Amino acid sequence: MEKIVDARGMACPLPVVNAKKAAESLSPGDTLIVRVDNEIAVQNLQRFAGHMGFSAAGEKQGETEYTVTMHIGGTEKPRQEPETACAVDARKKGMLVVLSANTMGTGEEKLGKALMKAFVFALTKQDVLPETILCYNTGAYLTCQGADTLEDLKLLESEGVTVLTCGTCLDFYGLKETLAVGGITNMYDIVERMEAAVTIVRP
Amino acid sequence: METEVKLTKLASCAGCGAKLGAGTLARMLEGFQTREDPRLIVGYDKSDDASVYLLDENTALIQTTDFFPPIVDDPFLYGRIAAVNAMSDVYAMGGEPKLALNILCAAEGMPEEAIREILRGGYDAAYEAGAIITGGHTIRGAEPIYGLAVSGFVHPKNVLTNSGAKPGDLLILTKPLGIGILTTAAKADMVEKPILNRIYAQMAALNKTARDIMVNYPVHSCTDVTGFSLLGHGFEMAQGSGCTLHIAVDSVPIHREALTFASMGLVPAGAYRNRQYVRGGVKLRRDIPLALQDILYDPQTSGGLLFALPEKDAQGCLRELQDKILHPAIVGYVTEKEDSFICLE
């Protein structure tokens, strides 16, 4: 099958977006022809084809007439991105959050738990995220199945935050099998991380 | 729901990506008659961030302007980013912004409330910077435009030009790269919310903190990385200083997601223009993935400062910056002029 996408007159990034949509509807062996009106769109489409593992050829047909012909490839995965670069995210180096209990503040337990849930939720909304979150004593409950903080901690982990729970604490409360986010740590690691921290935030 | 106008849909180019190529601009200005004035310490001929004029032995006036079409849909944020970006040139000269004038073009279909929010964003940034917006000029036009004309001051001895880098200096960059590519991808609704929030916060952050730390060190040269990209502005610094800037590519802080979008072909036209502009002036010492090169040529809106200082001072300065801002890094070093102005390694 051959499909033609006319992306002339479209501003960047629309030619690529439309090519991507068209490619998704095609099968290996099919041909996708994208018509564009500038050289930059041609180069961007060639990058796109390279990313998808398609072979592609650009051709100039007039002053503002170009075509890029792509041959939709097989099942090979899109090319992996270089890993060597110095990637950044929202984490602040040296910022450590310590969750030493499953409640926040002193008072009614019910309120304390609600405050802790709100605290972890508010953490996810910050422009700056901690580098690490350490959970110990009843704080271990926060990272285990059934905790209402779990989804937010998972979100933080997906943003690159290291979430660690004290192994001794998991054992003591019989939680080890139910740990649902992050890794397990020990007292040496906890001490080292606290010593190395620039800022420690403790609700 | 209130009437929502997608500001970026009213613009044909995003932010500093709208900038005319450096080469084109230089060609257009060739041959014009201009007056000589010994008090003009930094003029157009230096391709610097702002002009600097000596008022008396203790005061030099810095003047600059910057404006662009919407880079984000939220009008307050757009105003804030445009103003932060305009004042950045003053910080890049080592000075402090003091007076500013609004430059505003309101497009058809923009509700009054949106225009007010853009201005509020500008005032918010000026207030934080310690500057006063004293007036301005507003017109109607096809595309929204906002920015500031800014005047600032600096002690004449402390002017930081982009042409003073010395062999042996290290280079510090104060904000990560990838803004142009990410805002292009955002136009296609391909960027997730947390990432957008991260780059919005970065663009809305003044270079004031970085400047205030930088001026306590014997910095030789400074520029801000905006529309001409790291390599475009770096090239001008190298050329102006008569040195070679060596960029340690793996040390340059970048937004990881920009790599993916670059390799998918979501590269703004400005990045191609920048590549064209410095072509021949850049040497690759090893194989560098195309997507990573694209990021080095990516036009930044409200980007960070790039400055050169002696090696012995760089670590201390970096540590101080790390305490106050998110992702500063040492990204390279300066040598005597080699066979190219920029060397990627």
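Bear in mind the structure is a predicted one, so any value in this text is a computation, not a measurement.

(A) Seen up close, the sheet that holds strand β7 (residues 129-135) of chain A. Residue and element names in this part refer to chain A. Strand order in the open sheet formed by five strands is β9-β8-β7-β6-β10, and the pairing between neighbours is parallel. Both outer strands of the open sheet, β9 (183-185) and β10 (199-201), are each paired with one neighbouring strand and no more. Direction aside, the axes of adjacent strands within the sheet are offset by 30° on average. Packing against the sheet, helix α6 (residues 187-196) makes contact with β6 (91-99), β7, β8 (162-166), β9 and β10, and its axis sits at approximately 145° to β7.

(B) Looking closely at helix α4 (residues 179-187) of chain B. Residues and elements named next belong to chain B. Taking burial as the measure, the nine residues of α4 include nine buried ones, the bulk of the element. All buried positions along α4 are accounted for by Ile-179, Gly-180, Ile-181, Leu-182, Thr-183, Thr-184, Ala-185, Ala-186 and Lys-187. Looking one or two places after α4, you find Asp-189, whose phi comes out positive at around 55°.

(C) Region of interest: the sheet that holds strand β1 (residues 40-42) of chain B. Residue and element names in this part refer to chain B. Read across the sheet, six strands follow the order β1-β2-β3-β6-β4-β5 without closing on themselves; strand pairing throughout is mixed. Both outer strands of the open sheet, β1 and β5 (132-141), are each paired with one neighbouring strand and no more. The mean inter-strand angle of the sheet, taken between neighbouring strand axes irrespective of direction, is 20°. The pairing of strand β3 (residues 59-68) with strand β6 (residues 145-154) spans nine bridges and is antiparallel. The partner of Phe-68 across the bridge, within β6, is Tyr-146. Helix α2 (residues 75-92) rests against β3, β4 (96-107) and β6 of the sheet, and its axis sits at about 30° to β6. On top of the sheet, helix α3 (residues 112-129) reaches β4, β5 and β6; it is set at about 170° to β4, its chief contact.

(D) Main features of the nonpolar core. By size, the foremost hydrophobic cluster in this structure holds 130 residues, and its most contacted members are A:Leu45, B:Met87, B:Leu171, B:Leu182, B:Ile295 and B:Ile342. No other element matches α2(B), which puts 11 residues into this core. Setting aside anything within four residues of it in sequence, one finds B:Leu171 in contact with B:Leu245, B:Leu306, B:Ala308, B:Ile330, B:Val331, B:Gly332, B:Tyr333 and B:Val334. Grouped together as the second largest cluster of nonpolar side chains are 25 residues, A:Val120, A:Leu134, A:Tyr141 and A:Val163 included.

(E) Region of interest: the domain arrangement of chain A. Each domain of chain A was delimited in the assignment, giving domain 1 (2-71) and domain 2 (91-201). Between the C-alpha centres of domain 1 of chain A and domain 2 of chain A there is a distance of 47 Å.

(F) Examining unusual backbone geometry more closely. Omega for the peptide link from A:Cys12 to A:Pro13 comes to 10°, which places this bond in the cis form. Here A:Pro13 lies in the loop between β1 (2-6) and α1 (14-24). Even without being glycine, A:Asn137 reaches a positive phi, approximately 50°. Phi angles above zero are rare outside glycine, and B:Asp189 is one such case at about 55°. Mapped onto the elements, B:Asp189 comes out in the loop between α4 and α5 (193-204).

(G) Representation of the interface of chain B and chain A in the model. With 35 residues of chain B in contact, the opposing surface of chain A contributes 27 residues. Listed by contribution, the elements that provide at least two residues to the side of chain B that touches chain A are α4, α5, β10 (253-255), α8 (256-263), α9 (269-278) and α10 (290-296) of chain B. Counted by class, the side of chain B that touches chain A contains 21 nonpolar, 10 polar and four charged residues.

(H) Representation of the pairing of β8(A) in the model. Residue and element names in this part refer to chain A. By the bridge criterion, four bridges tie β7 to β8 in an arrangement that is parallel. Bridging from a neighbouring strand, Cys-135 pairs with Thr-165 of β8. At this point the chain moves from β7, through helix α4 (residues 150-158), to the parallel β8, and the crossover so formed is right-handed. The pairing of β8 with β9 spans three bridges and is classified as parallel. Residue pairing across strands places Leu-164 opposite Gly-183, the latter belonging to β9.

Scoring rules and cut-offs
Residues numbered from 1 in each chain as written. Chains lettered and ligands numbered in written order. Predicted model: local features only at pLDDT ≥ 70, side-chain atom pairs only at ≥ 80, totals over all residues. Pairing = 2+ DSSP bridges. Helix = DSSP H or I, 4+ residues; strand = E, 2+ residues; numbered from the N terminus. Axes fitted to C-alpha atoms, helices over the stretch in contact; angles between N-to-C directions. Contact = placed C-beta atoms within 7 Å. Buried ≥ 20, exposed ≤ 12 C-beta atoms within 10 Å, placed from the backbone. Core = buried A, V, L, I, M, F, W, Y, C linked by C-beta atoms within 7 Å. Domains from an automatic or database assignment. Nonpolar A, V, L, I, M, F, W, Y, C, P; charged D, E, K, R; others polar. Right-handed = clockwise from strand over helix to strand, strands pointing away.

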